[in-house]
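One-letter residues, chain by chain:
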Amino acid sequence: IADFVFVNTIEGNEMRTVAAAHRDSALDQVVSRLRGVRMMRPWAEQAMIDRLCEHRPILTQGAGENLSSAVWPYLSDDVAALRPHSSLIVPIYARGGATHGGLFAYYSDSVREFDKNDVPTMIEIARRSSIAIENAESHERERRIAATLQQASLPSALPVTKDLRFEGVYTP
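This one's a predicted model, so the numbers in the text were calculated from it and none came from an experiment. (Residues numbered from 1 in each chain as written. Predicted model: local features only at pLDDT ≥ 70, side-chain atom pairs only at ≥ 80, totals over all residues. Heavy atoms only, no water.)

Colleague: Looking at this structure, how should I read a nonpolar patch on the surface?
Modeller: A contiguous nonpolar patch, built from L158, L164 and F166 and spanning about 290 Å² of accessible area, is present on the exposed surface. Inspection of the secondary structure assignment puts L164 in the segment after α5 (119–152). Overall, the relative accessible area of 55% leaves L164 in the exposed class. (Patch = residues over 30% accessible without salt bridge, like charges linked within 9 Å, V, L, I, M, F, W, Y side chains within 5 Å. Areas by Shrake-Rupley, 256 points an atom, 1.4 Å probe, with all protein chains shown as cover. Salt bridge = Lys/Arg side-chain N within 4 Å of Asp/Glu carboxyl O. Helix = DSSP H or I, 4+ residues; strand = E, 2+ residues; numbered from the N terminus. Buried < 20%, exposed > 50% of the residue type's maximum accessible area, 1.4 Å probe, protein only.)

What follows is the structure, encoded as structure tokens:
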């Protein structure tokens, strides 16, 4: 489907790369350095967040020039090593309309370029990603609630008696 892909999530006014993969295992190390970081400069990041919130795919040829100017200078060598030339960016959004982030797919130096025929497949992948993100958020929320309830149900102090000794350990 692509030479390399990033999944970026939006948290407030920030966009962070949470997953990344490359078809060429020799470039996996480059891609792994981009996981967990905010790749784009603030002006580019905000512009991309605004575009993703429109819930429309973005198809670009000549993606290398656009991406090179948008990323932080310390990441520019890594991005240049990936040689992006065609991109398809698809928003990942919830059923209620909230935008989770985006699926960023790129072709490198290959002769293949993204076109309008690739859009439905990428939209379906993004839709399924959205469901997975919603499920993970729901699970994390339920885990936090359970831990809070368990912690609140613990006694503030153990009873003190003359003939017995009480000890307690709580591990969530």
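Colleague: What should I look at first to understand unusual backbone geometry in this one?
Modeller: The phi angle of most residues is negative, glycine excepted, and most peptide bonds adopt the trans form. Residue H55 is not a glycine yet carries a positive backbone phi of 60°. With relative accessibility at 24%, the residue H55 sits in the partly exposed group. In the Ramachandran plot, R83 falls in the positive-phi region, its phi being about 55° despite a non-glycine side chain. By the element assignment, R83 lies in the loop between α4 (76–82) and β4 (86–93).

Colleague: Whenever I open this one, the environment of A98 confuses me. Can you help?
Modeller: Here A98 is to be found in the loop between β4 and β5 (99–107). A98 gets classed as partly exposed once you look at its relative accessible area, which sits at 48%.

Colleague: What exactly am I supposed to notice about the pattern of salt bridges here?
Modeller: Side-chain pairing between opposite charges can occur once the charged atoms of the two side chains come close. Scanning all chains against the criterion turns up 13 salt bridges. Note that E134 is salt-bridged to R95, the shortest N-O span being 2.8 Å. With E134 in helix α5 and R95 in the loop between β4 and β5, this residue pair connects regions lying 39 residues apart in the sequence. Looking at E134, the relative accessible area reads 16%, which means it is buried. R143 is the salt-bridge partner of E140, the closest N and O atoms lying 2.8 Å from each other.

Colleague: Sorry if this is basic, but what is going on with the sheet that holds β5 here?
Modeller: Hydrogen bonds along the backbone pair up the strands of a sheet, which may run parallel or antiparallel. Within the open sheet, the five strands sit side by side as β2-β1-β5-β4-β3. Their pairing is antiparallel. Each edge of the open sheet carries a strand with a single partner, namely β2 (14–22) and β3 (58–61). Direction aside, neighbouring strands of the sheet carry axes that sit 20° apart on average. For β4 and β5, the ladder comprises eight bridges, and the chain directions are antiparallel. Residue P91 lies in a different strand from β5, and its bridge partner there is G102. (Pairing = 2+ DSSP bridges. Axes fitted to C-alpha atoms, helices over the stretch in contact; angles between N-to-C directions.)

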